[in-house]
Amino acid sequence: MNRQQALFEYLLRLGDNALILGQRLTEWIGHAPALEEEMGSANIALDLIGQARGWLAYAGTVEGAGRDEDDLAFQRDVMNFRNVLLVEQPNGHYGDTIARQYLFDAFHYPLLTALSACTDQSIAGIAAKASKEAAYHRRRSAEWVIRLGDGTAESHAKLQQSFDTLWPYTGELFALDEVDHTLRRTGVAADLTAVRREWHEHVTRTLAGATLVPPQEGWMQSGGKQGRHSEQLGYVLAEMQFLPRAYRDARW
Amino acid sequence: MQDWPLWEVFIRSRRGLAHKHVGSLHACDAPMALANARDIYTRRSEGVSIWVVRSTDIIASAPGDKPILFDPSEDKVYRHPTFYEIPDEVDNL
Amino acid sequence: MYSQFVDTGVERMRCAEELPELERAFQDKIDSDIKIEPKDWMPEAYRQTLVRQISQHAHSEIVGMLPEGNWLTRAPSLRRKLILLAKVQDEAGHGLYLYSAAETLGASREALIEALHAGKAKYSSIFNYPTLSWADVGAIGWLVDGAALINQIPLCRCSYGPYARAMVRICKEESFHQRQGYEIMLALCAGSAVQKRMAQDALDRWWWPSLMMFGPPDAESIHTQQAMRWKIKRHTNDELRQKFVDQSVPQADYLELTLPDPALKRNEQTGHYDFGAIDWSEFWSVLKGDGPCNRQRIATRRQAYDEGRWVREAALAYGAKQDRRRAEFS
Ligand SMILES: [Fe+2]
Ligand SMILES: [Fe+2]
């Protein structure tokens, strides 16, 4: 794998994480538990999809094959998506969505902060802007974790279950492969060990504040970053990509 | 089930300006009230600072008190600079 | 419109001498364009009519998120997805501003929403039609938001302060809704034959329901007279409808789309467009609950509300705990 290929892969990981999680959040619009929550989740989805545009447009440039953000978003199949499995997991109930969001936000913010110091100026630029958004996302989702964890007996039990179910998807966030190694040498990729440290600290603190028990460490899922996904992603893409695929040459 | 408590939202639109009442929202606690205010009332860069106050904590004057509270100041015209007649030739007053 | 049929509870207009003293002072204020604020004295009928009108309006914004929300996950480009998301989010905000305005009149949001879910409250008939293609998102922005704007601009000057202020904010936000819809139509009409057909089909389905949005002719109605005297309605339904037709015809012409009304013709004498008869039986049946999507819309809203109850309860319980903790601490 040469540097350009690694960079392209890396950008797809960043872009696809934001895109798929943003897409999942839009499924809530019109169905959120409170009007105020409609506004909040829409804002987060807007941030994430906006970030995805930035990453994917740059990925297209790096690839140099003339693909733009929409080609990359709408014309790739499951095996060519590079998001982590966590973000493609179904919305479930609101507690599941909050737990998924928080586990991702707690990773996303330190990752983007690290990338704002990236030697690649385009990455640093997108990351600097996105990290402000991610800081807010993390604060907001952490507050919700605490509210639901320390709310009623019902919400406590539900949220504990959400974390237990999603926990096996967190290992992949920090797994290193050739892409990271290739880019680490030139100071492009973030140091995932440091990101993991901050993630772990923040998650431990938040779960304690929420009176939740940290899930047992054990077997972890993997594969999303290399294009081996769960069954969920195909359905997400089928819905998201329907129009550009049904009308091949149309402009919208 | 009861609604989440009601909060009043005040936004400073630019540095140098005072906070101004912009509306209300429901939230279960103060951090949520701030987050919701941000998500609802500053989506178009309307603000640089937010205050939220529980609606029940606001003490308001009664509309019926207008005559006793505010009418008495109406005839105190000497409080306004236009009350005084100064010859045109005199500057800096 | 978003509140298409509001009962003022009034059976007969009274002249100034007939009004009790408080009410006469109240009407004097309105006549001299002094705004009414929440704690001011107001006739019970005024308060109730406003709650009805504002909550119908709020319900329309919230239910109105659903037909377009259908297409959020299927928007054909990332740019379109962001625009539509921001737009639908605005509608949630509008609902929120309006419920807040109703709350200043002593209504509770919870109770208003429960009335909607119980089928006891009305909302605009327009949102009971299905969105079948992407072009429907264009047609809704162009026509439905366009019609809404015509109705809402005069309400920025309505007599009740919190309602007027909410409308000012809403109209400011609305200004991009119609434009993004028209832009979708422009792209479709400049596209392939299939896309153009999609646009025409959407226009064919949304045109008449859009005209119905303004409500039945009401110049003769006692409720209109009363609402106008209270300045919570500023033009008759037919005046607003005519304005909408006049502005839409050249817009459709520019798109080279055909409005589905053979009787549509410019009247040289009046300078307005004459148009065909509206099928009011369809309007009444949709308003009463028998439109293509009435049942689904309410069921969807009710489901979201019911499934979210444990979340709202948990947050409430957490907030109460926090209050207790703070009280113990100090
Ligand atoms: Fe609206
Ligand atoms: Fe709108």
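Residues numbered from 1 in each chain as written. Chains lettered and ligands numbered in written order. Predicted model: local features only at pLDDT ≥ 70, side-chain atom pairs only at ≥ 80, totals over all residues. Heavy atoms only, no water.

So, about the coordination of the iron ion (ligand 1). Residue and element names in this part refer to chain C. Around the iron ion (ligand 1), the protein contributes the donor atoms Glu 61 (OE), Glu 91 (OE), His 94 (ND1) and Glu 174 (OE), at 2.1 to 2.3 Å from the metal centre. In this structure, the iron ion (ligand 1) is coordinated by 4 donor atoms arranged in irregular fashion, with angles at the metal of 80 to 168°. Written as a sequence motif, the donor arrangement for the iron ion (ligand 1) is E-x29-E-x2-H-x79-E. A spacing of 3.4 Å is found between the iron ion (ligand 1) and the iron ion (ligand 2), which share Glu 91 as a donor. (Donors = N, O, S within 2.8 Å, 3.2 Å for Na, K, Ca; no water. Tetrahedral: all angles 85-135°; square planar, octahedral: opposite > 155°, others 65-115°.)

The subject of this paragraph is the sheet that holds strand β3 (residues 49-54) of chain B. To summarise the sheet geometry, strands pair through backbone hydrogen bonds and adopt either a parallel or an antiparallel arrangement. Residues and elements named next belong to chain B. Spatially, 3 strands are ordered β2-β1-β3 in an open sheet, and the strand pairing comes out antiparallel. The open sheet terminates on both sides in strands that have one partner only, identified here as β2 (20-26) and β3. The mean angle between the axes of side-by-side strands here comes to 30°, regardless of whether they run parallel or antiparallel. Pairing between strand β1 (residues 6-12) and β2: 6 bridges, direction antiparallel. Each bridged residue has a counterpart across the sheet, and for Glu 8 the counterpart in β2 is Ser 24. Along the sheet face, helix α1 (residues 30-41) touches β1, β2 and β3 and points at about 115° away from the line of β2. (Pairing = 2+ DSSP bridges. Helix = DSSP H or I, 4+ residues; strand = E, 2+ residues; numbered from the N terminus. Axes fitted to C-alpha atoms, helices over the stretch in contact; angles between N-to-C directions. Contact = heavy atoms within 4.5 Å.)

It is worth spelling out the interface of chain B and chain A at this point. Chain B puts 13 residues into the contact, and the matching count from chain A is 11 residues. Summing both sides of the interface, chain B and chain A together bury roughly 1100 Å²; the carbon and sulfur share of this comes to 56%. If you sort the residues of chain B by the area they bury against chain A, Trp 4, Arg 38 and Asp 39 of chain B come out on top, with a joint share of 41%. Seen at the junction of chain B and chain A, the total is 2 salt bridges. Asp 39 of chain B is the salt-bridge partner of Arg 140 of chain A, the closest N and O atoms lying 3.6 Å from each other. Mapped by element, the contributors of at least two residues to the side of chain B that touches chain A are β2 and α1 of chain B. Looking at which element gives the most residues to the side of chain B that touches chain A, the answer is α1 of chain B, with 7 residues. Across the side of chain B that touches chain A, the residue classes tally to 7 nonpolar, 2 polar and 4 charged. (Buried area = accessible area lost by both parts, 1.4 Å probe. Salt bridge = Lys/Arg side-chain N within 4 Å of Asp/Glu carboxyl O. Nonpolar A, V, L, I, M, F, W, Y, C, P; charged D, E, K, R; others polar.)

The next subject is the nonpolar core. The biggest cluster of nonpolar side chains holds 200 residues, and the ones touching the most others in it are Tyr 46 and Trp 134 of chain C. The dominant element in this core, judged by the number of residues it contributes, is helix α2 (residues 35-63) of chain A, at 14 residues. Beyond its immediate chain neighbours, meaning those up to four positions away, Trp 134 of chain C contacts Leu 243 and Trp 252 of chain A together with Trp 71, Ala 75, Pro 76, Arg 80, Leu 84, Ile 184 and Leu 188 of chain C. (Core = buried A, V, L, I, M, F, W, Y, C linked by side-chain atoms within 4.5 Å. Buried < 20%, exposed > 50% of the residue type's maximum accessible area, 1.4 Å probe, protein only.)

Moving on to the coordination of the iron ion (ligand 2). Residue and element names in this part refer to chain C. Around the iron ion (ligand 2), the protein supplies Glu 91 (OE), Asp 145 (OD), Glu 174 (OE), Glu 174 (OE) and His 177 (ND1) as donor atoms, at distances of 2.0 to 2.4 Å. All donors of the iron ion (ligand 2) belong to a single chain; written as a sequence motif, their spacing is E-x53-D-x28-E-x2-H. Look at His 177 and you get buried, because its relative accessible area is 0%.

Turning next to the interface of chain C and chain A. Facing 45 residues of chain C, the contacting portion of chain A comprises 48 residues. Where chain C touches chain A, the interface holds 4 salt bridges. In this structure, the salt-bridge partner of Arg 109 of chain C is Glu 36 of chain A, at a minimum N-O distance of 2.7 Å. Our count for the chain C to chain A interface comes out at 14 residue pairs in polar contact (both at pLDDT 80 or more). Listed by contribution, the elements that provide at least two residues to the side of chain C that touches chain A are α3 (65-69), α4 (78-103), α7 (161-189), α8 (193-212), α12 (294-307) and α13 (309-329) of chain C. Counting residues per element, the side of chain C that touches chain A draws most heavily on α4 of chain C, which supplies 14 residues. (Polar contact = N/O pair within 3.5 Å; in protein donor to acceptor, adjacent residues only side chain to side chain.)

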